[in-house]
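Examining the three-dimensional arrangement
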Amino acid sequence: MVKACRPRSLMEALEIRDGGEDSILLAGGTDLMVQHRRGSGVLPDLPEKTMFIGHLSELQEVSVEGEGISIGAACTLARLLGEPNLPDYIKVPLAQMASPAVRNVATIGGNICNSSPAGDTLPMLYALEARLLIQSRRASHSMAVEDFITAPGQNRLQPNEILTQVQIPAAVFDNYYYRKIGARKANAVSKLSFFALSRREGQQIQELRIALGAVAPTVIRSREGESLLAGLNPEEIIPVLPEVWACYQSLIRPIDDVRSSREYRRRVALALLENYLRSLGEGFL
Amino acid sequence: MIRTISFRINGQEVQLQTHPLRRLLDVLRDDLELSGSKEGCGEGECGACSVLLDGRLVNSCLLPVALAEGRDVVTIEGYRQTERFALLRNCFEAAGSVQCGFCTPGMIMAAEALLRENPHPEPGDIRTALSGNLCRCTGYSMIVQAVLLAAREGEGLW
């Protein structure tokens, strides 16, 4: 029989995590309940003791301040969409995730810890260089989301730890570009996704960040490609396209699966890259 | 692994002895004999099991009952006691929004969740609000019409 517990505080949750028995954390459960479903009238077959953490008040806080944004790991997507102070480039990917009913329950920490290459918060969090605050009973540390996720469904969260907060360093971007490719507008797992941010002074690109989802085992960024574009004026972008393309071609290593084919993903990813850079070059963004 | 779970269902407090990982949908249908919430896909794709949790739309097939602890659940059985339901029902009838009827309880709950947030929705808002609810009969346009009609005729209700 599957065991479950519902701690009353974060400290109690961390103490249980510290006790040595393996447990699986369930915040909203919208992924876990699908992954482990066994059908009508039957309990889901969660492999380990399930710890409910979605109700913990310590995991619900959102703050937007000078030094950056911090988001409690159990904040639902709907809650974040309703936060007036969060920038649009954080909200746009969230608004296209799942459906209204799922967004009311699904959490940002759940999407990160599920660590799917198609997790739709991830390209945005990689581009924003989000850091994750990870707590255990005795200590806490933070690491970049990029270092946290190691492979499809795999991450560095230890059995005694809980992801408690997502921290987004302060930065100003004057434009963003997001495309999610899916079979249906609602409730589609991405075939692939493309998220980009840039900051300009006058016309000149000061900084640019591009992250692609579901085209490799983890979300990808190319620092080399991004640095080729930094410092350019719009008319200088199109001439460097082939060089930028080359940086991404080796990183884009998609798979064939039920949602799409390797070739479709590769071609669309490169086409979105080109479309974004041309839009930037021709002044449409 | 049986626990006591307490929550409000359609305005009444209930206390159940049950496994905390059971799906709210199973608890509603099998224990509380509230069979208005339907199971279509069982994985959050179709919205036939939609209920309100603290006033917000959720898929009861994805919700372990432990997540309802201390909260307020409204199903179609509770909602049908309201004036808003009576109007939505009339508008669904008038617009021809019901054929087989399997999706209808979920559609009604999704319409209520929308109208309580936004009493004057545009057609696009309605399509977004109903985007997690599948209907294989109507082609959706009649359902969107019904919600528009309800928003117009229900001035002051939401």
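Each chain has its residues counted from 1, following the order in which its sequence is written. Chains carry letters from A onward and ligands carry numbers from 1 onward, assigned in written order. It should be noted that, the model being predicted, local features are given only for residues of pLDDT at least 70 and side-chain atom pairs only at 80 or more, the latter also being counted only at that level, while totals for whole chains, interfaces and linings use all residues.

**Some words on unusual backbone geometry**
Rules: By definition, any uninterrupted DSSP run of H or I lasting at least four residues is a helix, any uninterrupted run of E lasting at least two residues is a strand, and each is numbered from the N terminus.
Within the chain, Glu 129 of chain A stands out as a residue other than glycine whose phi angle is a positive 55 degrees. With respect to the element layout, Glu 129 of chain A can be found in the loop between α7 (122–127) and β6 (131–135). Of note, the phi angle at Asn 10 of chain B is positive, near 50 degrees, even though the residue is not glycine. Checked against the element boundaries, Asn 10 of chain B lands in the loop between β1 (3–9) and β2 (12–18).

**Description of the sheet that holds strand β1 (residues 4–5) of chain A**
Strands in a sheet are paired, the pairing made by backbone hydrogen bonds, and the direction either parallel or antiparallel. Residues and elements named next belong to chain A. Where we set the bar: Each pair of strands is called paired provided DSSP finds at least two bridges between the two strands.
Pairing is parallel in the open sheet, where three strands are placed in the order β1-β3-β2. Of all strands in the sheet, those with a lone pairing partner are β1 and β2 (23–26), marking the two edges. For β1 and strand β3 (residues 49–52), the ladder comprises two bridges, and the chain directions are parallel. Within β3, the residue paired with Ala 4 across the bridge is Thr 50.

**Examining the domain arrangement of chain B**
Residues and elements named next belong to chain B. Condition: An automatic or database domain assignment supplies the residue ranges for each domain.
Looking at the assigned domains, one finds that chain B contains domain 1 (3–78) and domain 2 (82–153). Put simply, the middle of domain 1 and the middle of domain 2, counted by C-alpha atoms, are 21 Å apart. Elements represented by at least two residues in the side of domain 1 that touches domain 2 include exactly β3 (50–53) and β4 (56–59). It is β3 that contributes the most residues to the side of domain 1 that touches domain 2, three residues altogether.

**Examining the interface of chain A and chain B**
What counts is decided by this rule: Throughout, a residue-residue contact means that the two C-beta atoms, derived from backbone geometry, are no farther apart than 7 Å. Under the convention adopted here, Pro, Cys and the residues Ala, Val, Leu, Ile, Met, Phe, Trp and Tyr are nonpolar, Asp, Glu, Lys and Arg are charged, and Gly plus all remaining residues are polar.
Taken together, the 29 residues of chain A in the interface contact 27 residues of chain B. For the side of chain A that touches chain B, the secondary structure elements donating two or more residues are α2 (32–35), β3 and α5 (100–103) of chain A. Ranked by residue count, the leading element in the side of chain A that touches chain B is α5 of chain A, at three residues. When the residues that make up the side of chain A that touches chain B are grouped by side-chain class, the tally is 15 nonpolar, ten polar and four charged.

**What to know about the sheet that holds strand β4 (residues 62–65) of chain A**
Residues and elements named next belong to chain A. Condition: Helix axes are fitted only over the stretch in contact, all axes being lines through C-alpha atoms; the angle between N-to-C directions runs from 0 to 180 degrees.
Spatial strand order, β4-β5-β10-β6-β7: five strands in an open sheet with antiparallel pairing. Edge strands, defined here as strands with exactly one partner in the open sheet, are β4 and β7 (140–144). With direction set aside, neighbouring strand axes in the sheet form an average angle of 20 degrees. Bridge count between β6 and β7: five bridges; the pairing is antiparallel. Counted as the bridge partner of Leu 133 is Ser 142 from β7.

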